[in-house]
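Take a look at the letters that make up each chain.
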Amino acid sequence: MALSILFVICYIIGSFPTGFIILKKTHNLDLRKVGSGNIGTLNSFEVTNSKKIGIIVLFMDLTKGIISVLLAKLFFPNDFSASILALIAAVLGHCYSIWIKFSGGRGLATAAGGALILSPAILLIWLLSWFLINKVNANIHIANVGATIIIIFSSILFSEQLNLITFPPAKEGFIFIFSISLLMFIILTKHISPIKDIIYKN
């Protein structure tokens with residue numbers, strides 16, 4: 001399998017609009033037009049007030065990242081570049097789904113699923129950062145953005161250490177830094193609108 005084919009397959013996996021389909025079937029709602037307009041876990045839960053639906057959407061979005069990384073590991077064992085490319089493709093698909101006119105979620109759950117398999121330390125740092133920021137400022141979007149930016153700086157400052165506990169590790173530190181930063185940047189692009197809203201409200 002060529003890397004280009006892997007990218008396309010993982011993009012399609014990631015682009016499956018879980019929340020959109022579930023709410024369309026269960027509540028006849030277009031999730032893009034209610035609540036925050038996001039098709040991820042949080043909006044699915046807030047619109048329906050159903051923990052069950054929220055958990056299902058979260059699980060399926062996590063699974064998209066897990067499957068994509070496992071697929072890369074299957075065809076390209078011990079190749080960090082293939083694994084991170086697969087995860088980037090899945091997150092890109094989730095954030096900008098071809099099936100719903102390139103709208104989508106914010107990519108956090110899909111990224112977390114893939115990170116769980118590829119680099120658990122990155123996921124742990126993100127979660128710890130999120131909880132600390134949320135303690136200081138109880139706004140989920142600020143916590144999301146803050147934790148995501150911390151991952152970018154962590155990948156730069158501690159690339160050697162984090163790369164050693166990545167499975168598989170990147171061959172070069174630059175590849176690790178660039179790939180993780182690109183993944184985080186995609187997530188940040190989906191937080192521009194909510195952060196603007198917070199700024200304008202203040």
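Our structure's up above, just so we're on the same page.
Residues numbered from 1 in each chain as written. Predicted model: local features only at pLDDT ≥ 70, side-chain atom pairs only at ≥ 80, totals over all residues. Heavy atoms only, no water.

A. Examining the overall build of the protein more closely. Within the protein, the regular secondary structure consists of 11 helices and zero strands. Beginning at the N terminus, the succession of helices and strands in the protein can be written as α-α-α-α-α-α-α-α-α-α-α. Its C-alpha radius of gyration of 17 Å places the protein within 12% of the 17 Å reference for a compact globule of 202 residues. With respect to the principal axes defined by its C-alpha atoms, the protein has extents near 45 × 40 × 25 Å. Taking as baseline every contact in the protein between residues at least 6 positions apart, the subset at least 24 positions apart corresponds to 64%. Taken as a whole, the protein presents about 10,500 Å² of accessible surface, with 71% of it coming from carbon and sulfur. Each charge class in the protein was averaged separately, 15 positive and 7 negative side chains, and the resulting centres sit 12 Å apart. (Helix = DSSP H or I, 4+ residues; strand = E, 2+ residues; numbered from the N terminus. Rg over C-alpha atoms; globule rule 2.2 N^0.38 Å. Contact = heavy atoms within 4.5 Å. Areas by Shrake-Rupley, 256 points an atom, 1.4 Å probe, with all protein chains shown as cover. Lys, Arg positive; Asp, Glu negative; His and termini not counted. Charge placed at Lys NZ, Arg CZ, Asp CG, Glu CD.)

B. Up close: the side chain of S83. Relative to the helices and strands, S83 is located in helix 5 (residues 80-95). For S83, a relative accessible area of 0% gives the class buried. Here S83 is in contact with V69, A72, K73, L118 and P168, once residues within four sequence places are set aside. (Buried < 20%, exposed > 50% of the residue type's maximum accessible area, 1.4 Å probe, protein only.)

C. Inspection of the pattern of salt bridges at higher detail. Tallied over the entire structure, the rule returns three salt bridges. Of the charged contacts in the structure, one is a salt bridge between R32 and D30, with a shortest N-O distance of 2.9 Å. D30 sits in the buried class, given a relative accessible area of 13%. One salt bridge connects K64 with D61, and the closest N-O pair in it is separated by 3.4 Å. With K64 and D61 both in helix 4 (residues 51-75) and three residues apart, this pair spans about one turn of that helix. Of the two residues, K64 and D61, both sit in the buried class. Within this structure, D30, R32 and K33 form a network of salt bridges that share partners. (Salt bridge = Lys/Arg side-chain N within 4 Å of Asp/Glu carboxyl O.)

D. Up close: the nonpolar core. In terms of nonpolar packing, the biggest core is built from 28 residues, with I84, V91, F176, I180, L183 and M184 touching the most fellow members. Elements with a contribution of two residues or more to this core: helix 5, helix 6 (108-118), helix 7 (120-136), helix 8 (140-157) and helix 10 (173-189). The dominant element in this core, judged by the number of residues it contributes, is helix 10, at seven residues. Filtering out sequence-adjacent residues up to four positions away, I180 remains in contact with I84, I122, I151 and S155. Listed in part, the nine residues of the second largest apolar core include L6, C10, A72 and A89. (Core = buried A, V, L, I, M, F, W, Y, C linked by side-chain atoms within 4.5 Å.)

E. Structural view of the state of the cysteines. Throughout the structure, instances matching the rule amount to zero disulfides. The thiol of C10 is unpaired, and the distance to the nearest cysteine sulfur, on C95, comes to 15 Å. We classify C95 as buried; its relative accessible area is 0%. (Disulfide = S-S within 2.5 Å.)

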